[in-house]
Amino acid sequence: MNPKSTLLTIILTITFSAFASASENNFWTQSVYFENDLFSGTDQNYTNGVKLSLISPNLSTHVEDGKIPRKLLETIHRIPFIQESGPEYTHKVEFSIGQNIYTPADIAKSELLLEDRPYSGWLYASTSYHRKNIVNNVADFMDTVEVQFGMVGPVSFAEDTQKFVHKVFDRPSPNGWHNQLDNEPGLMVIFERKWLFHPVFTGLGYDIITHTGGAIGNVSTYLNGGIEMRLGWNIPRNFGVSLIRPAGSTRLSVDDNFSIYIFGAVDGRVVLRDIFLDGNTFTDSHSVDKKTLIADLAGGLTISYKKMMLSWTYILRTKEFDNQKDNHSFGALSCSFNLPFFY
């Protein structure tokens, strides 16, 4: 078995073996994410991202029957910032697999483009723990602790994925993948807290969500913070738009109510390390001078009905490195639904 197949097998096995104890009465929130700059007519920078995720039912309801070890939750509650526990909190875990692809602006050229970002990919699995505070059945904050692990480099399948998609859709072939970053295992630990301010529960209303957090690891190290505002009908009691980013999952469940709303959001980051710009950690590789301060501006529409939620988001990302000619934009589609995972 070649290294790429071995890595993919390990990630799939570790991720999905976690669901073996789920019963037919357990409803897992399942989400599919697709992000691509094709929506904005380009093929560069962060050019594609896909992610599949599964979020468990409330773990607290399964502690007494032995399905969730109490010692496990007690250990989790010792983590800084998430020490509180009790009946006013819900606890859920999430398992995800995903792939991100990054390319320079001119993918037709085969030579190394020194002033543009490296070709690179990130194939990963992640495990997250989500804790929500419940006050009068209203969630007013959520903590997320996430661990991502995977591979950067040829075994990320990024080259294979992009060339296959371009061939299927008869698009120009990317010719510079032989210049991509070297194989390197990656690990990130992420924490983020989100606060929900929701003055209207049903009918026409609005809410505001703020967040702050950070990540540490050889793939990415940063501090971030931001705000989102939503306006619409029967806005759900979740924590805003879900995107492919660390600690970016916000839909811990989807209810039966019909809802429709528009939203606008901003996320700012102080970036200390980004392997996709800084290059490999332990070997010499192509790199560019990254910008320390970057931001994402996002806006879109969400519709939810009968345990299914669909979102469209347009994201504008400010310049990430010194020689980048323009800001970058891309579109994002996500679909979440509640179904029994096992029958």
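Remember, it's a predicted structure, so these values are computed and weren't measured experimentally.

### Things to note about the pattern of salt bridges
For the structure on display, the rule yields 14 salt bridges. In this structure, the salt-bridge partner of Lys163 is Glu159, at a minimum N-O distance of 2.8 Å. Note that Lys163 and Glu159 are positioned in helix 3 (residues 158–168) at a spacing of 4 residues, about one turn of the helix. Given the relative accessible area of 34%, Lys163 is considered partly exposed.

### Looking at the nonpolar core
Among the nonpolar cores identified, the biggest contains 26 residues, and Trp122, Val152, Ile190, Val219, Ile275, Phe276 and Ile315 are the most heavily contacted of them. Those elements that place two or more of their residues in this core are strand 4 (120–135), strand 6 (184–197), strand 9 (259–274), helix 4 (275–278) and strand 12 (328–340). With 3 residues, strand 9 is the largest single contributor of residues to this core. In this structure Trp122 touches Gly98, Gln99, Asn100, Gln148, Phe149, Gly150, Met151, Val152, Ser156, Gly186, Val219 and Phe276, once residues within four positions along its chain are discounted.

### A word on the pairing of strand 7 (residues 204–217)
Pairing geometry for strand 6 and strand 7, over 10 bridges, is antiparallel. The residue of strand 7 that forms the bridge with Leu196 is Ile209. Sheet topology places strand 7 next to strand 8 (residues 220–233); 12 bridges connect them, and they run antiparallel. For Ile209, the partnering residue across the bridge sits in strand 8 and is Glu228. Linking strand 7 back to strand 8 in an antiparallel pair, the connection comprises 2 residues.

### Quick word on the environment of Ile244
Here Ile244 shows up in the loop between strand 8 and strand 9. Dropping the residues within four chain positions of it, Ile244 is found in contact with Tyr33, Glu35, Tyr46, Gly49, Val50, Lys51, Asn100 and Tyr124.

### Focus: a nonpolar patch on the surface
Residues Leu204, Tyr206, Met229, Leu231, Trp233, Phe258, Ile260, Ile262, Leu301, Ile303 and Tyr305 make up a contiguous nonpolar surface patch of about 1100 Å² in total accessible area. Going through the elements one at a time, strand 7, strand 8, strand 9 and strand 10 (293–305) are the ones with two or more residues in the nonpolar patch. Considering the arrangement of structural elements, one finds Ile303 in strand 10. We classify Ile303 as partly exposed; its relative accessible area is 37%.

Criteria and thresholds
Residues numbered from 1 in each chain as written. Predicted model: local features only at pLDDT ≥ 70, side-chain atom pairs only at ≥ 80, totals over all residues. Heavy atoms only, no water. Salt bridge = Lys/Arg side-chain N within 4 Å of Asp/Glu carboxyl O. Helix = DSSP H or I, 4+ residues; strand = E, 2+ residues; numbered from the N terminus. Buried < 20%, exposed > 50% of the residue type's maximum accessible area, 1.4 Å probe, protein only. Core = buried A, V, L, I, M, F, W, Y, C linked by side-chain atoms within 4.5 Å. Contact = heavy atoms within 4.5 Å. Pairing = 2+ DSSP bridges. Patch = residues over 30% accessible without salt bridge, like charges linked within 9 Å, V, L, I, M, F, W, Y side chains within 5 Å. Areas by Shrake-Rupley, 256 points an atom, 1.4 Å probe, with all protein chains shown as cover.

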